[in-house]
Structures are given as structure tokens and as C-alpha cells.
Amino acid sequence: STSTYTKKLDFDGAANGQYPQGSLMEAANGKLYGMTYQGGTNNFGVLFEYDPSTSTYTKKLDFDGAANGSNPSGSLMEAANGKLYGMTLQGGTTNQGVLFEYDPSTSTYTKKLDFDGAAKGSYPSGSLMEAANGKLYGMTVQGGTSGLGVLFEYDPTTSTYSKKLDFDVAANGQYPRGSLMEAANGKLYGMTSDGGTNSAGVLFEYDPSTSTYTKKLDYNGTN
């Protein structure tokens, strides 16, 4: 309304994190939440809260590696249950990333899943999203049967993980690095950074109601 810019915070390393790579999100409590890729006590990144009404920053969590993950590169999202969900690129029991839950009302962190390679995928770099069915969907850059990434479903009500798709190069792409989104038709859409007919990536559709994957486009360098 006034075209006025105000710097609200300098990230500085150990105290409040450094190199944020994801986005901020506003929770139902009116506060903003985000993560940094590095910094914090262990230099593995932090989860923080920022109150825009008071311009107050609060570090809520130091990522520490094996116990709670490290190096988050995506964003947090708020599910219908009022809790925040996110992933880390590395860390966890196998150092291939974790999926976690954070309750802003109690400041409680809970690791829900260790990514492990072939069975669950590895190195998630995008963000989770909640579909109309109340389940969360995401992707990993690597892992799965072919080692080329997976598309998965996570049910926060039952804490159940289900691998829905193994990416496999030409047929359905490989190395998805972004996030999924839900369109008005109720289907999910995403992309891979490589693979497909031309080894230039694909655009795909996934129907959660039927667990059906459809490749919609092979990128070819000109389209």
C-alpha cells in the first residue's frame, strides 16, 4: 500500500540459521514458519517462527542429523489437523532424509518417517501437499526400485506411508525436484527434471482416487 521495504531479519548462522531455500507459510495462529538449509547449533538448519504482529523471530528447532534430519530444502505446509509437515533432504537414520510433523500449539517435533532408498525413496527436495482426500503427497529425487525417485502418499491420521510410483527414466521420467499440486479436477500434477522420451523431463498427472499415473508431456528442448 506504501511501496515500503523493511528488512525484518538477518540470518546469521548459529543463532538463527542461514541459507533459507524454501518458502514461508502462514499457520492458522497467524504466525509465519520456515526453515533454513544450514546454520543453527549443528549447522544442519533450523525451523523457525516469525510473528509479523510483533516482528519477533523464534528459533523452534535445530536439525541435528540422525535424530531429526538435516538440511531441509523445501517448505512447511499446514494440514487439516492444524499441524505442520515438512521434509529434510538428508539426515535421519539412513542419512537420506526424513518426513516430520511439527505442532505449533505445543512446539513439539515428531519424526514420522526415515527415507531409506529402495523402499521409500531418498533425498526429498520439494514440499508436501495435502490433497482433497486429506492425505499428503510428495516426491523424492532418488531412491525407489530404480533409484530415480518415487511419488508417495502419507496419511497423517494413521501415520501410514505408501509408495505410489517408482520413476523409471523413459516411461515416466526421473529425478523429480519440485512439488506436486492439486488442480480443480482433483488430480495431482508434477514434473521431473530428467527422463522421458527425450531425457529432458516430463510433465505428468496422478489421480489419487485411482492411483493412476499418466505422462502428459515429454519436454524436448523446444517446448
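As a starting point, this report considers the structure included with it.

The rules behind each value
Residues numbered from 1 in each chain as written. Predicted model: local features only at pLDDT ≥ 70, side-chain atom pairs only at ≥ 80, totals over all residues. Heavy atoms only, no water. Helix = DSSP H or I, 4+ residues; strand = E, 2+ residues; numbered from the N terminus. Rg over C-alpha atoms; globule rule 2.2 N^0.38 Å. Buried < 20%, exposed > 50% of the residue type's maximum accessible area, 1.4 Å probe, protein only. Contact = heavy atoms within 4.5 Å. Areas by Shrake-Rupley, 256 points an atom, 1.4 Å probe, with all protein chains shown as cover. Lys, Arg positive; Asp, Glu negative; His and termini not counted. Charge placed at Lys NZ, Arg CZ, Asp CG, Glu CD. Pairing = 2+ DSSP bridges. Phe/Tyr/Trp six-rings, centres within 6.5 Å; stacked < 30°, edge-to-face > 60°.

Another aspect to go through is the overall build of the chain. Summing up its helical and strand segments, the chain has 0 helices and 16 strands in all. For 223 residues, the compact-globule estimate of 2.2 N^0.38 gives 17 Å, and the chain sits close to it at 18 Å. Its C-alpha atoms put the chain at 50 × 45 × 35 Å along the principal axes. Burial statistics for the chain: of 223 residues in total, 47% are counted as buried. The contacts of the chain with a sequence gap of at least 6 include a subset with a gap of at least 24, amounting to 34%. Total accessible area on the chain stands at roughly 9900 Å², and carbon and sulfur atoms take up 47% of it. Distance from the positive charge centre (16 side chains) to the negative charge centre (22 side chains) of the chain: 1 Å.

Turning our eyes to something else, we now look at the sheet that holds strand E15 (residues 202-207). One open sheet holds the 4 strands; their spatial order is E13-E14-E15-E16, and the pairing between them is antiparallel. One side of each edge strand has no neighbouring strand; the edge strands of this open sheet are strand E13 (181-182) and strand E16 (212-218). Looking at chain direction, E13 and strand E14 (residues 188-191) are connected through 2 bridges and run antiparallel. Paired with Met181 across the bridge in E14 is Tyr189.

Here the focus is the packing of aromatic side chains. Evaluated as defined, the whole model comprises 10 aromatic pairs. The rings of Phe11, Phe48 and Tyr57 are connected pair by pair, giving a single aromatic cluster.

Along the chain, Leu217 falls in strand E16. With 158 residues separating them along the chain, Leu217 and Lys59 place their C-alpha atoms 42 Å apart.

Our focus in this paragraph is the sheet that holds strand E11 (residues 150-155). The antiparallel open sheet is built from 4 strands, whose spatial order is E9-E10-E11-E12. The outermost strands of the open sheet, each flanked by one partner alone, are strand E9 (129-130) and strand E12 (160-166). Of the strand pairs in this sheet, E9 and strand E10 (residues 136-140) are connected by 2 bridges, and their pairing is antiparallel. Following the sheet pairing, Met129 is matched in E10 by Tyr137.

Let us now look at the side chain of Gln174. Position of Gln174 among the secondary structure elements: in the loop between E12 and E13. The class for Gln174 is buried, based on a relative accessible area of 9%. Not counting the four nearest positions on each side in its chain, Gln174 is found in contact with Leu148, Phe167, Val169, Thr192, Ser193, Asp194 and Gly195.

Turning our eyes to something else, we now look at the environment of Gly147. Along the chain, the position of Gly147 falls in the loop between E10 and E11. For Gly147, a relative accessible area of 29% gives the class partly exposed. In sequence terms Gly147 and Ala118 are 29 residues apart; their C-alpha atoms lie 6.6 Å from each other. Apart from residues lying up to four places away in sequence, Gly147 is in contact with Gln142 and Tyr175.

Walk down a regular strand and you will see the side chains alternate between the two sheet faces. Most of strand E3 (residues 46-51) sits out of view: 6 of its 6 residues are buried. What you see with E3 is no split at all: Val46, Phe48 and Tyr50 on one side and Leu47, Glu49 and Asp51 on the other are buried throughout. Two elements, strand E2 (residues 32-35) and E3, share 4 bridges in a ladder whose sense is antiparallel. What sits directly across from Tyr33, in E3, is Glu49. One ladder, built from 6 bridges, connects E3 with strand E4 (residues 56-62); its direction is antiparallel. Among the inter-strand pairings, Asp51 is bridged to a residue of E4, identified as Thr56.

Tracing the chain through its elements places Ser122 in the loop between strand E8 (108-114) and E9. Overall, Ser122 belongs to the buried group, its relative accessible area being 3%. When residues no more than four places from it in sequence are discounted, the contact partners of Ser122 are Gln96, Phe115, Gly117, Thr140, Val141, Gln142 and Gly143.

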